[in-house]
Amino acid sequence: MAMQRRLKVQHGDMFPHGAYLRGGVEPVADFDAAQRSDGTRPQAKDKDTGQPVWSCQVIDADLEAGRKDATVTVKIAADHQPVPPANKSGLPFTPVEFVGLTATPYVDDNGPRPRLAWSLRAAGFRSASASVKDPASEAKAA
């Protein structure tokens, strides 16, 4: 069996304490393509599906995730710009749950030492379920 380039993961495995949309959804520029006459770049296309690629900034609610910045980028391949769900949580950020989430490992050498990092992609997102499970409290209850 060959290892796939993108590893399928569940939302709860990647964001066990929840994920919160920070801002909107933006098109991803294709930096491999030539600039247009107005100085802009065309939108990137997904290599597997050919669909336009969009990105969103997400706050990972896991404070012990081991990152300096709890904000990660998730890219979404979709024919049309994904529309975030309405924020009914009363929080300043919209709780979301990603569907069709995949993770691709890569080496990030922007720093004093190279490190393993993950590029996240999703088929889309939806409003997060009413309650996010806390793995630590679940383990104590068992």
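It should be noted that the structure appears before, not after, this text.
What you are looking at is a predicted structure, and each value in this text was computed from that prediction instead of being measured.

Student: Is there a simple way to think about the pattern of salt bridges in this case?
Tutor: Pairing between side chains of opposite charge can happen when the charged atoms of each approach one another. Counted by the stated rule, this structure contains 6 salt bridges. For the salt bridge of Asp-108 with Arg-115, the shortest nitrogen-to-oxygen distance reads 3.2 Å. What makes Asp-108 buried here is its relative accessible area of 14%. On the accessibility criterion, Arg-115 (48% relative accessible area) is partly exposed. Taken together, the shared-partner salt bridges in this structure form one network comprising Arg-5, Arg-6, Asp-46, Asp-48 and Arg-121.

Student: Could you clarify how one ought to interpret the layout of surface pockets in this entry?
Tutor: The gaps left among the atoms become clear once a water-sized probe is rolled over them. Of the voids in this model, the second largest pocket is the one considered here, and its volume is about 410 Å³. As for the second largest pocket, its lining consists of 16 residues, and the residues nearest its centre are Ala-44, Lys-45, Lys-47, Lys-75 and Arg-121. Of the residues contributing to the lining of the second largest pocket, the split by class is 5 nonpolar, 2 polar and 9 charged.

About the criteria used
Residues numbered from 1 in each chain as written. Predicted model: local features only at pLDDT ≥ 70, side-chain atom pairs only at ≥ 80, totals over all residues. Heavy atoms only, no water. Salt bridge = Lys/Arg side-chain N within 4 Å of Asp/Glu carboxyl O. Buried < 20%, exposed > 50% of the residue type's maximum accessible area, 1.4 Å probe, protein only. 1 Å grid on protein atoms, 1.4 Å probe; cavity = no way out; pocket = protein on both sides within 12 Å on 5 of 7 lines; lining within 4 Å. Points joined across faces, edges and corners; volume = space filled by probe spheres on them. Nonpolar A, V, L, I, M, F, W, Y, C, P; charged D, E, K, R; others polar.

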